[in-house]
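What the coordinates show
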Amino acid sequence: MTAEVLAGLLAGIFLGLSYAVAGYLMNRRAELSPEKFMLWVAGGMAVRMFVALAVIAVVLVVAPVDTTVFLGSFLTLFVLGVISEIVVGYRR
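Below you will find a few notes about this structure. (Residues numbered from 1 in each chain as written. Predicted model: local features only at pLDDT ≥ 70, side-chain atom pairs only at ≥ 80, totals over all residues. Heavy atoms only, no water.)

As for the overall build of the chain
A tally of helices and strands in the chain yields 3 helices and 0 strands. Secondary structure elements of the chain, listed N to C terminal, follow the sequence α-α-α. Seen along its three principal axes, the alpha-carbon backbone of the chain occupies a region of about 50 × 25 × 15 Å. Considering only contacts within the chain whose residues lie at least 6 apart along the sequence, 70% involve residues at least 24 apart. Carbon and sulfur atoms make up 78% of the accessible area of the chain, which amounts to about 6,200 Å² in all. Considering the chain, the positive charge centre built from 6 side chains and the negative charge centre built from 5 side chains are found 14 Å apart. (Helix = DSSP H or I, 4+ residues; strand = E, 2+ residues; numbered from the N terminus. Contact = heavy atoms within 4.5 Å. Areas by Shrake-Rupley, 256 points an atom, 1.4 Å probe, with all protein chains shown as cover. Lys, Arg positive; Asp, Glu negative; His and termini not counted. Charge placed at Lys NZ, Arg CZ, Asp CG, Glu CD.)

As structure tokens, this is what we get:
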């Protein structure tokens, strides 16, 4: 495994997990204020997506990472994070 592949894998995992944890925390925060629930959920999602896109762009331009591995690992954890948000939100 080359350094670029390892860097792409670690960066994608870190970014994907950060996105999932931020989503979980935003949803927990939204539950605490029912009058602003949709503001927290929709606003939090918009902010998370913008920040994730900006970080992805910066990583692809600046860091020497394998693009396929980076995007693949990020998207895998992104999808798993969204699925877990839906499951957790549905159970409450």
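With respect to the packing of aromatic side chains
The relation between two aromatic rings is expressed through the spacing of the ring centres and the mutual angle of the planes. One pass over the structure, following the stated rule, counts 2 aromatic pairs. Plain terms: the ring middles of Tyr-19 and Phe-78 are 4.9 Å apart, the flat faces sit at 50° to each other, and that makes the pair tilted. Placement of the pair is Tyr-19 in helix H1 (residues 3–32) and Phe-78 in helix H3 (residues 67–91), with a sequence separation of 59 residues. The buried category is assigned to Tyr-19, whose relative accessible area is 7%. (Phe/Tyr/Trp six-rings, centres within 6.5 Å; stacked < 30°, edge-to-face > 60°. Buried < 20%, exposed > 50% of the residue type's maximum accessible area, 1.4 Å probe, protein only.)

Regarding H1
Relative to the 44 Å expected for 30 residues at 1.5 Å per residue, H1 spans 43 Å between its end C-alpha atoms, a close match to the ideal helical length. Turning to H1, its buried residues number three or more, namely Gly-8, Gly-12, Leu-15, Gly-16, Tyr-19, Ala-20, Gly-23 and Ala-30. (Expected span 1.5 Å × (residues − 1).)

Considering the nonpolar core
Leu-15, Tyr-19, Ala-52, Ile-56, Val-59, Val-65, Phe-70 and Phe-74 form the largest nonpolar core, which has 8 residues in total. Those elements that provide at least two residues to this core are H1, helix H2 (37–62) and H3. Looking at which element gives the most residues to this core, the answer is H2, with 3 residues. Setting aside residues no more than four positions away along its own chain, Leu-15 makes contact with Ala-52, Val-55, Ile-56, Phe-70 and Phe-74. (Core = buried A, V, L, I, M, F, W, Y, C linked by side-chain atoms within 4.5 Å.)

Concerning the packing of H1 against H3
Each pair of packed helices can be described by the angle between their axes along with the distance between the axes. Following both chains from N to C, one finds H1 and H3 inclined at 20°, their axes separated by 7 Å at the closest point. Comparing the axis directions of H1 and H3 gives the class roughly parallel. Read as a crossing pair, H1 and H3 show a hand that is right-handed. Each residue belonging to the contact of H1 with H3 can be placed in one class, and the counts come to 15 nonpolar, 7 polar and 1 charged. (Axes fitted to C-alpha atoms, helices over the stretch in contact; angles between N-to-C directions. Parallel < 35°, antiparallel > 145°, perpendicular 65-115°, else oblique. Left-handed = near helix turned anticlockwise from the far one by under 90°. Nonpolar A, V, L, I, M, F, W, Y, C, P; charged D, E, K, R; others polar.)

What to know about H3
A rise of 1.5 Å per residue sets the reference length of H3, with its 25 residues, at 36 Å; its end C-alpha atoms lie 36 Å apart and thus fit the reference within 8%. Within H3, burial applies to Phe-70, Ser-73, Phe-74, Gly-81 and Glu-85. Capping of H3 at its N-terminal end is provided by Asp-66; its side-chain oxygen lies 3.1 Å from the backbone amide nitrogen of Thr-68. (Polar contact = N/O pair within 3.5 Å; in protein donor to acceptor, adjacent residues only side chain to side chain.)

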